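Read off the chains here:
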Amino acid sequence: MSYSQQVFDELKGRYADQPEFLQAVQEVLTTLQPALDKNPAYQRNKILERIVEPERIFQFRVEWVDDKGEIQVNRGYRVQFNSAIGPYKGGLRFHPTVNLGVLKFLGFEQIFKNSLTGTPIGGAKGGSDFDPKGKSDNEVMRFCQAFMVQLHRYIGALVDVPAGDIGVGGREIGYLYGAYKRLTTKYEGVLTGKPLNFGGSLARTEATGYGTVYFAQEMLKARGESLEGKKCAVSGAGNVAIYCCEKLYQVGATPVTVSDSRGMIYDPNGIKVDVLKQVKEVERASLTRYAELVPTAQYTARDDYPAGRNAVWSVPVDAAFPCATQNEVNVEDAKCLLANGCKCVAEGANMPSSIEAINEFLKSGIAYGPAKAANAGGVATSQLEMEQNAGMTAWTFDEVDGKLHNIMTGIYNAAAETAREFGCEGNLVLGANIAGFRKVADAMIAQGVI
Ligand code: NDP
Ligand code: 2IT
């Protein structure tokens, strides 16, 4: 039995209750064997056994008082997964589905993604099962303050730097930052994705969505194609999806779908980004509100989707950008996209495709950009925010966007070249996993058994 299979089998027994974590590990380990064969030092140093275990996990109770005066209790977490190449870095997710297994999958992905950016940041993730939906600003503030009462002990500008993810945007980062400052009396770049007037970076809000489109452009350029004139399906309607749509227009493509947890919009004329921003960023409303504002938009409620399917992927398009959440593209969705002529998939969300769906994409030979490569623009720009904070300076939008663009090109090149090195040209899953892994593994060996 191969080394990677042996480690995975053991892990399956130990963490049978963490299916998302096992899925993320399986996707990585099944591609690493050629690199493990090439360098026996990885097995000798038990790198796989070590890299699949977080260095440290904090788990805490978060108690706060809602607007009615009732005491509420949530569960909070920070998974500090790997610090071989830099301080822990990764987002916070506030969503009712959050549990330790979900955060371990996200933290594990983050190790390789952060390594691929070429910048010195380790991997982490955190969050809570708190649901910001339907809460007042004051309730969100009190929750964030209570969360930080616990978290502030474990983070710091050179220790661990959290940021946003699902349910955590500028508002939450602002409240978390205020609470950190009050608890520690330190004014430091301890969080990224901050609002612009206190240390935030221009282009961080746009970075993940823009970066995913830059990555798709690189994949298509290598095939002598482009996004110009292409019809695109985007899922999600949050931070990543909005700026993915915005950049698609800028490169001459047309996004025709978006979705949220309750349903989807299809508009053959294209999604109106200004309306989407108004509905989601300002009103924090459902997409039914978008449908009220845009008469050409067709709304389908999630309850009306075909059983077990995501209706976004049944729209015939040239390119698809999953930007909502994990496992939102199953094997049937993947087959449907391919049958309708989709030639490019770039993942803005983390692990949006099931392993079977990924295998369909790879088998078909289309341009497939896996999450940890295609959505790395967000965390890469967080690292640029850390750089600006450390230098007590602020760069222009174009400066940051230019650096983001270069980083995405660099990630594409690293993944494509590594795939070629191992005789798997075009397999960016294998290329990204091995390229991300080698840097971290080599650093772990150099630092010894610690
Ligand atoms: P947001 O909270 O801004 O938006 C999330 C969107 O996805 C919303 O439209 C939400 O719908 C929808 N959604 C969330 N959970 C589910 C679910 N279980 N089923 C269906 N729809 C769902 O988050 P982001 O845009 O920041 O994150 C989206 C994805 O991108 C996540 O996978 C995240 O991990 C990933 N990502 C984010 C980065 C960032 O910088 N923000 C960086 C890299 C990856 P509703 O509005 O109804 O809640
Ligand atoms: O999944 C991700 O890469 C993020 N949510 C962004 C993390 C960050 O630190 O900016």
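Since the structure is predicted, the reported quantities are computational estimates derived from the model, not experimental observations. (Residues numbered from 1 in each chain as written. Chains lettered and ligands numbered in written order. Predicted model: local features only at pLDDT ≥ 70, side-chain atom pairs only at ≥ 80, totals over all residues. Heavy atoms only, no water.)

Peer 1: Quick rundown of the nonpolar core? Include the residues and the values.
Peer 2: In this structure, Phe-215, Leu-227, Leu-248, Tyr-290 and Phe-321 are the most contacted members of the largest nonpolar core, which totals 53 residues. Ranked by the residues each element gives to this core, the list is headed by helix H8 (residues 204-221), at eight residues. Here Tyr-290 is in contact with Ile-265, Gly-270, Ile-271, Lys-272, Val-275, Leu-276, Val-279 and Ala-297, once residues within four sequence places are set aside. Ranked by size, the runner-up nonpolar core spans 41 residues in total, among them Ile-51, Tyr-77, Leu-103 and Phe-112. (Core = buried A, V, L, I, M, F, W, Y, C linked by side-chain atoms within 4.5 Å. Buried < 20%, exposed > 50% of the residue type's maximum accessible area, 1.4 Å probe, protein only. Helix = DSSP H or I, 4+ residues; strand = E, 2+ residues; numbered from the N terminus. Contact = heavy atoms within 4.5 Å.)

Peer 1: Quick one: what's the story with the site of ligand 2, residue by residue and with numbers?
Peer 2: Looking at ligand 2, there are 14 residues lining it, with Lys-89, Lys-113, Asp-165, Asn-350 and Ser-382 nearest. For ligand 2, an oxygen atom lies 3.0 Å from a polar atom in the side chain of Gln-110. Lys-125 places a side-chain nitrogen or oxygen 3.0 Å from an oxygen atom of ligand 2. Bound to the protein, ligand 2 loses 95% of the 290 Å² it would expose on its own. (Near = heavy atom within 4 Å. Polar contact = N/O pair within 3.5 Å; in protein donor to acceptor, adjacent residues only side chain to side chain. Areas by Shrake-Rupley, 256 points an atom, 1.4 Å probe, with all protein chains shown as cover.)

Peer 1: Let's hear about a nonpolar patch on the surface: which residues, and what values?
Peer 2: On the surface, Val-65, Ile-71 and Val-73 cluster together into a nonpolar patch covering about 260 Å² of accessible area. Among the secondary structure elements, Ile-71 is positioned in strand E2 (residues 71-82). (Patch = residues over 30% accessible without salt bridge, like charges linked within 9 Å, V, L, I, M, F, W, Y side chains within 5 Å. Salt bridge = Lys/Arg side-chain N within 4 Å of Asp/Glu carboxyl O.)

Peer 1: Summarise the packing of aromatic side chains; cite the residues concerned and give the values.
Peer 2: Summed over all chains, the structure comprises 20 aromatic pairs. For the ring pair Tyr-177 and Tyr-187, a centre distance of 5.5 Å and an interplane angle of 80 degrees mean the geometry is edge-to-face. Of this pair, Tyr-177 sits in helix H7 (residues 170-184) while Tyr-187 sits in the loop between H7 and H8; the two residues are ten residues apart in sequence, bridging distant segments of the chain. Here Tyr-177 falls in the buried class, since its relative accessible area comes to 3%. Given the relative accessible area of 57%, Tyr-187 is considered exposed. In this structure an aromatic cluster arises from ring pairing among Phe-60, Trp-64, Phe-94, Phe-130, Phe-143 and Phe-147. Its end group placed over the ring of Phe-422, Lys-38 keeps NZ or CZ at 4.9 Å from the ring centre. For Lys-104, the ring lying beneath its charged end belongs to Phe-21, and the centroid distance is 4.2 Å. (Phe/Tyr/Trp six-rings, centres within 6.5 Å; stacked < 30°, edge-to-face > 60°. Lys NZ or Arg CZ within 6 Å of the ring centre and 35° of its normal.)

Peer 1: Summarise the sheet that holds strand E7 (residues 254-259); cite the residues concerned and give the values.
Peer 2: Strand order in this open sheet of seven strands is E9-E8-E7-E6-E10-E11-E12, and the pairing throughout is mixed. Strands with a single pairing partner mark the edges of an open sheet, and in this sheet they are strand E9 (298-301) and strand E12 (367-369). The mean inter-strand angle of the sheet, taken between neighbouring strand axes irrespective of direction, is 15 degrees. As defined by bridge partners, strand E11 (residues 344-346) adjoins E12 across three bridges and the pair is classed as parallel. Counterpart to Val-345 in the pairing with E12 is Tyr-368. (Pairing = 2+ DSSP bridges. Axes fitted to C-alpha atoms, helices over the stretch in contact; angles between N-to-C directions.)

Peer 1: Before we move on, could you go through the pattern of salt bridges and cite the residues and values that matter?
Peer 2: A complete count under the given rule lists 24 salt bridges for this structure. As a salt-bridge pair, Asp-160 and Arg-78 come within 2.6 Å of each other at their nearest N and O atoms. Separated by 82 residues along the polypeptide, Asp-160 in strand E5 (residues 160-163) and Arg-78 in strand E2 bring together distant segments of the chain. One exposure class covers both Asp-160 and Arg-78, and it is buried. In this structure, the salt-bridge partner of Glu-172 is Arg-171, at a minimum N-O distance of 3.0 Å.

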